[in-house]
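Listed here are the chains, written in short residue letters.
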Amino acid sequence: MTHMNRPQDDVKAEELQWTRTEPATPIPEPDVWPTVRFPEPPHPFDAPMRVEADIAGLECVQGEVPAHLDGTFFKVVCDRQYPKFVDEGPLGNFNDDGMALSFRFHKGRVDYKSRYIKTPRFEAERAAGRALFGMYHNPFTDQPEVEGMVRGLGNTNVFYHGGKLYAAKEDSPPLILDPDTLETVGQYDFEGTLTSKTSTAHPKVDPKTGEMVFFGYSAKGETTRDIAYYEADASGQIIHETWFKAPYSSMVHDFAVTQNFVIFPIIPMRTERDWLEKEESMFKWDPEELVYLGVLPRKGKGENIVWYEGPNRFASHIMGAHDDGRYIHIDTPVSESSYFPWFPIVGNREHDPEKSKGFLSRWTIDTRDQRRTFSEKKISQYAAEFPRMDDRYETLKYQWGVMGLNDLPGHNAPGGGFRWVSAVDVATGQQKIWYPGDHATIGEPVFVPGADDAPEGHGYVFVIVSRRDMMHSEMVLLDAQHVDRGPVCTLKVPLRIPRGLHGNWVTSEELAARTD
């Protein structure tokens, strides 16, 4: 390890106490409301939308909506309420307010709804009529009126468990939304049992037990090494909690869960308290630091974690993981260097686009190997991110997955971002690809089963397509087994859906059991 947090660093980091849900002093209404003026984006499609909308019956411009689909596709996007007062470049997209979307499927009709996620941060800024919170993950840059307030945006994922719809961002506790109206119920601490200051936006649900496995990193405050690992039963009540310290403080955006183990990837997207105080980026890529995979038995104690070590590389999202009792297999896009061009590199090195290309790979841990290392095998032939699986196989051995591609050798695709959808057979590496056309960007592709008892990977891939040249968005349904054959149907959304991150499908039967 080339960098190690010193004990005094841990103590200093724990001093950061941004937990209040209201300003210390109520924010008065301004005598004159501030002028709202956003800078012109590089492309007009990327201007803030700032619209909460209801559309009864989206127009189906191609194909037919499968009438048997009965449920709601929820997604969260990033849509800033007020102009920011700090210049963060592309990173600022992740520092925008969360906007929840719902696509309600019933008897061949699809209704659309969008609502801001009204976090404490959102409400404080709405009261002031201007931005009050500063840089991404850096409370030292906030305005005095909101000093000490929780900074969560709820803009990373929206998921359903135990009868509740959660909106989450990994730097704060989750929020609960009303699944019918999308109105914000409030910040949620699992009825007082969430002791971590943070909670992941990537929980995993065990399909055999219904338990939700989740964690919080920087659990005692920004830049702390503390990680809190939790399991909640099928009703959403926390039944297990344990804490441990990572080898160094870093971004732990996602993790892996199998039937017998939970695995925490410590990737060298590092962070230091001093960087925050200097108003620098919270995260920086360290090309000299090692990767560590922390392995615990499910419901194990933190003091029993075992760290497996590997050379420097980047990974973020997990497609799936499983184990056979001895060997643990974790599938994730892996690149030589940081995927994110907007985070600085330690030593002021330049971002290398070629080295940042991530290929779906399998990490394998032999839990009996006393060398405490892990192996890597490349699965996909094309660079990809936003990996998803058939969630009914979470924690289990699986074969089908889907990803977004932003590079396809030999194909010139005008536009930017993710431009192809690719289904992949993780056993063979075979990929099937759909291209939505020029000047189109895709969001995260999400699998929706054709029926509750459908075989693995048999159903649909839901993907939001931004038609950047036509200034509107589409919800596209693909046949999951044949994504290369083109859409089953295309639903036109007569507005721009902003850049977003993750989403999930919830059946009407599940929604009928809501408990919020």
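Quick summary incoming for the structure in this document. (Residues numbered from 1 in each chain as written. Predicted model: local features only at pLDDT ≥ 70, side-chain atom pairs only at ≥ 80, totals over all residues. Heavy atoms only, no water.)

## Quick notes on the overall build of the protein
Note the cut-off: In this description a helix means any DSSP run of H or I spanning at least four residues, a strand means any run of E spanning at least two, and both kinds are numbered starting from the N terminus. Taken over C-alpha atoms, the radius of gyration is set against a globule rule of 2.2 Å times the number of residues to the power 0.38. Calculation of accessible area relied on Shrake-Rupley with a 1.4 Å probe; when residues are assessed, cover is drawn exclusively from the protein chains displayed. A positive count includes Lys and Arg, and a negative count includes Asp and Glu. His and the chain ends are not counted in either. In this description, the location of a charge corresponds to atom NZ of lysine, CZ of arginine, CG of aspartate or CD of glutamate.
Regarding its fold elements, the protein presents four helices and 34 strands. Scaling as 2.2 N^0.38, a compact globule of 516 residues should have a C-alpha radius of gyration of about 24 Å, and the protein matches this with 22 Å. C-alpha atoms of the protein, sized along the principal axes, occupy 65 × 60 × 50 Å. As displayed, the protein has an accessible area near 20,500 Å², and 49% of this comes from carbon and sulfur atoms. Across the protein, the centroid of the 56 positively charged side chains sits 2 Å from that of the 78 negatively charged ones.

## Here's the deal with the sheet that holds strand 13 (residues 238–245)
Convention followed: In this analysis, strands are considered paired if DSSP registers two or more bridges between them.
Taking strand neighbours across the sheet as the criterion, the four strands line up as 10-11-12-13 in an open arrangement whose pairing is antiparallel. At either margin of the open sheet sits one strand with a lone partner, and together these are strand 10 (204–205) and strand 13. Examined bridge by bridge, strand 11 (residues 212–217) and strand 12 (residues 226–232) share six bridges and lie antiparallel to one another. Considered in strand 12, the bridge of Y217 is made with I227.

## A few points about helix 2 (residues 120–128)
We apply this condition: Accessibility here uses a 1.4 Å probe with only protein chains present; expressed as a share of the type maximum, an area under 20% marks a residue as buried, one over 50% as exposed, and anything in between as partly exposed. Contact definition: two residues touch when any of their heavy atoms are within 4.5 Å.
Considered for burial, the residues of helix 2 that qualify are P120, R121, F122, A124, E125 and A128. In this structure, the buried residues of helix 2 make contact with strand 5 (109–116), strand 8 (175–177) and strand 9 (184–187). Directly beyond the C-terminal end of helix 2, a positive phi value near 75 degrees is found at G129.

## Notes on the pairing of strand 34 (residues 500–507)
Most of strand 34 is tucked away: seven of the eight residues are buried. Two elements, strand 3 (residues 71–78) and strand 34, share six bridges in a ladder whose sense is antiparallel. From the neighbouring strand, T72 faces strand 34, where its bridge partner is V506.

## Digging into the nonpolar core
For the record, the criterion: Buried Ala, Val, Leu, Ile, Met, Phe, Trp, Tyr and Cys residues form a nonpolar core when they are joined through side-chain atoms within 4.5 Å.
Of all hydrophobic cores here, the largest spans 65 residues; its most connected members are I227, I263, F264, L293, I330 and I365. With near-sequence residues (within four places) excluded, I227 lies in contact with F215, G216, Y217, A219, T242, W243, F244, A246, V252, F264 and I266. Judged by nonpolar contacts, the second largest core, of 29 residues, contains F73, Y112, L491 and W505.

## A closer look at the side chain of T72
For T72, the position within the fold is in strand 3. If we ignore the near neighbours within four places in the chain, the residues touching T72 are S102, F103, R104, N504, W505, V506 and L511.

## Regarding unusual backbone geometry
Here the phi dihedral of E191 falls at roughly 55 degrees; this positive angle occurs in a residue that is not glycine. Along the polypeptide, E191 turns up in the loop between strand 9 and strand 10. At R372, a residue that is not glycine, the phi angle is positive and equals roughly 60 degrees. Structurally, R372 is set in the loop between strand 23 (359–366) and strand 24 (375–378).

## Considerations on the sheet that holds strand 9
In plain terms, the rule: For every element, the axis is a line fit to its C-alpha atoms; helices are fit only across the contacting stretch, and the angle between N-to-C directions ranges from 0 to 180 degrees.
Read from one edge to the other, the open sheet built from four strands follows the order 6-7-8-9, with strand pairing classed as antiparallel. Unpaired on one side and paired on the other, strand 6 (157–161) and strand 9 mark the two borders of the sheet. Going across the sheet, the axis of each strand differs from the next one's by a mean of 30 degrees, ignoring polarity. When strand 6 meets strand 7 (residues 164–168), the two strands line up antiparallel, connected through five bridges. Residue pairing across strands places N157 opposite A168, the latter belonging to strand 7.

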